Amino acid sequence: MKSPLLALPGAVPAEGADEGVAAHYGDIFREQRNLSRGTGFVDLSHRGVLTVTGADRLAWLHLLLTQHVSGLEPQHATEALVLSPNGHVEHALYLVDDGTTTWAHVEPGTQEALIGYLESMKFLYQVEVVDATADYAVVHLPAGSTGSVEGAAAVRELPYGRDLFVPRAELAERTAGYGPAAGVWAYEALRIEGHRPRLGFETDHRTIPHEVDWLRTAVHLQKGCYRGQETVARVHNLGRPPRRLVFLHLDGTEETLPPHGTEVRLASDPDGRALGLVTSSARHHELGPIALAVVKRNVPVDAVLLAGTVPGTQDVIVPQ
């Protein structure tokens, strides 16, 4: 869906997975600084929104998701995954329950397949799953924002800000008092800085949660009875996921950023075998060029890597 906020002055449309909202509004570093200071907002109205209602909703979701949600308290935000039978990540959900309805936002365009899976698992449970994307939009307020959340249908309180579910028809009106708009490029730079994985960027068809640090935020290791749980438990107990997510401080002298899918090699062996791939990259207002990459588990943590032709040093996210 094309956001009405693309009519704001300076708006430059995003492309690819974030099509439909603004990449930036003319000054990506100013937009990042504003968010870091707790001012402004990010239009995430291109993301999918779904709701789950019914007396059995939390008990039912608990059986399907990687997160412990059977006793999820109202207004408590959490993350959860849907895994394949072999433990590979298929969906990522960003959840909050308001006491009567569970709200979730997901990657743009993934809600149809997710709802199809959930519908197939309803059986005799008293639940109703609705694609609410046409009626509600997601807006992000940074940590420290004094923007009012009054009128939002649901709010996810997070360490780095708030995700608001607002009526889509009122998107322009409700965001008018939130300060300067920031595009998804600024939001992505801060996401990369925060080491937060994103479905379809840090993941592929082989990804297991251990590789991208989702064990910390989206998987409850003391619960079972969900699809893919055996793989989660086995790899956790062995402690040897095949790949690991790393944060890269890239050489600032290069003019271009390595795009998603750029091969990563050892700087000491630039013609050697690829050891991984860049998954996300951005220019940060303080750190300069940065990236996330998924590399083989046994890549030395102190090794200088080459993202394409751009050298970068590693910060460890997932232990070797």
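Being a predicted model, the structure only gives us computed values, none of them experimental. (Residues numbered from 1 in each chain as written. Predicted model: local features only at pLDDT ≥ 70, side-chain atom pairs only at ≥ 80, totals over all residues. Heavy atoms only, no water.)

Novice: In this structure, what is going on with the packing of aromatic side chains? I would like to understand it.
Specialist: The description of two aromatic rings rests on the distance between their centres and on the angle between their planes. Following the criterion strictly, the structure yields three aromatic pairs and no others. Ring plane angle 65° and centroid distance 6.2 Å describe the contact between Phe41 and Tyr178, whose orientation is recorded as edge-to-face. With Phe41 in strand β3 (residues 41–43) and Tyr178 in the loop between α4 (171–175) and β12 (181–182), the pair connects residues that are 137 residues apart, well separated along the chain. In this structure, Phe41 and Tyr178 share a single accessibility class: buried. Ring centres 4.9 Å apart and planes at 85° place the aromatic pair Trp103 and Tyr136 in the edge-to-face group. Here the residue Trp103 occupies a position in strand β7 (residues 101–106), and Tyr136 occupies one in strand β9 (residues 136–142), the gap between them amounting to 33 residues. On the basis of relative accessible area, Tyr136 is assigned to the partly exposed category, the value being 24%. Stacked on the ring of Phe201, the Lys or Arg Arg191 has its end atom at 5.9 Å from the ring centre. The ring of Tyr160 carries the charged tip of Arg196 above its face, separated from the ring centre by 3.6 Å. (Phe/Tyr/Trp six-rings, centres within 6.5 Å; stacked < 30°, edge-to-face > 60°. Helix = DSSP H or I, 4+ residues; strand = E, 2+ residues; numbered from the N terminus. Buried < 20%, exposed > 50% of the residue type's maximum accessible area, 1.4 Å probe, protein only. Lys NZ or Arg CZ within 6 Å of the ring centre and 35° of its normal.)

Novice: I'm lost on helix α2 (residues 57–64) in this one. Help?
Specialist: Along an α-helix, residues three or four apart share an orientation, since each turn contains 3.6 residues. Among the eight residues in α2, six count as buried, and that is most of the element. In this structure, the buried side of α2 is in contact with β4 (48–53), β5 (78–83), β6 (89–97), β7, α3 (111–120) and β8 (128–131). (Contact = heavy atoms within 4.5 Å.)

Novice: What's the story with a nonpolar patch on the surface in this structure? I'm lost.
Specialist: The grouping of Leu63, Phe123, Leu124 and Tyr125 at the surface amounts to a nonpolar patch, some 470 Å² of accessible area in total. Tracing the backbone through its elements, the reader meets Phe123 in the loop between α3 and β8. The class of Phe123 is exposed, set by a relative accessible area of 61%. (Patch = residues over 30% accessible without salt bridge, like charges linked within 9 Å, V, L, I, M, F, W, Y side chains within 5 Å. Areas by Shrake-Rupley, 256 points an atom, 1.4 Å probe, with all protein chains shown as cover. Salt bridge = Lys/Arg side-chain N within 4 Å of Asp/Glu carboxyl O.)

Novice: What's the story with the sheet that holds strand β11 (residues 161–167) in this structure? I'm lost.
Specialist: Where strands meet in a sheet, backbone hydrogen bonds hold them as pairs that are either parallel or antiparallel. Taken in spatial order, the five strands make up an open sheet running β10-β11-β9-β3-β12, and their pairing is mixed. Here the strands that pair on one side only, and so sit at the sheet edges, are β10 (154–158) and β12. Strand direction decides the pairing type here: β10 and β11, joined by five bridges, are antiparallel. Considered in β11, the bridge of Arg156 is made with Asp163. With respect to the sheet, helix α5 (residues 184–193) is in contact with β3, β9 and β12, its orientation differing from that of β3 by roughly 110°. (Pairing = 2+ DSSP bridges. Axes fitted to C-alpha atoms, helices over the stretch in contact; angles between N-to-C directions.)

Novice: What exactly am I supposed to notice about the environment of Arg265 here?
Specialist: Residue placement: Arg265 occurs in strand β14 (residues 263–266). Under the relative-accessibility criterion, Arg265 is labelled partly exposed at 22%. C-alpha separation for the pair Arg265 and Leu275, spaced ten residues apart in sequence, amounts to 5.4 Å. Not counting residues within four places of it along the chain, the set of residues in contact with Arg265 comprises Pro270, Gly272, Arg273, Ala274, Leu275, Val304, Leu305 and Leu306. Within the structure, Arg265 has its side chain in polar contact with the side chain of Glu263 (distance 2.8 Å). Polar side-chain contacts of Arg265 include one of 2.6 Å to the backbone oxygen of Gly272. (Polar contact = N/O pair within 3.5 Å; in protein donor to acceptor, adjacent residues only side chain to side chain.)

Novice: Sorry, what's going on with the environment of Gly99 here?
Specialist: Following the sequence through the fold, Gly99 ends up in the loop between β6 and β7. Remark: the alpha-carbon pair of Gly99 and Thr53, spanning 46 residues in sequence, is separated by 9.7 Å. Excluding residues within four positions of it along the chain, Gly99 makes contact with Arg57 and Pro74.

Novice: What is the right way to read the nonpolar core from this model?
Specialist: Most often, soluble globular proteins have nonpolar side chains that are buried together. Formed by 22 residues in total, the largest nonpolar core has its most connected members in Leu81, Trp214 and Leu245. If you list the elements that add at least two residues to this core, you get β5, β6, α5, β13 (243–250) and β16 (288–296). Among all residues touching Leu245, those that are not within four sequence positions of it are His195, Glu202, Glu211, Val212, Thr279, Leu292, Ala293, Val294, Ile317 and Val318. Core analysis: the next-biggest nonpolar cluster, separate from the first, contains 21 residues, Val69, Leu72, Leu93 and Val127 among them. (Core = buried A, V, L, I, M, F, W, Y, C linked by side-chain atoms within 4.5 Å.)

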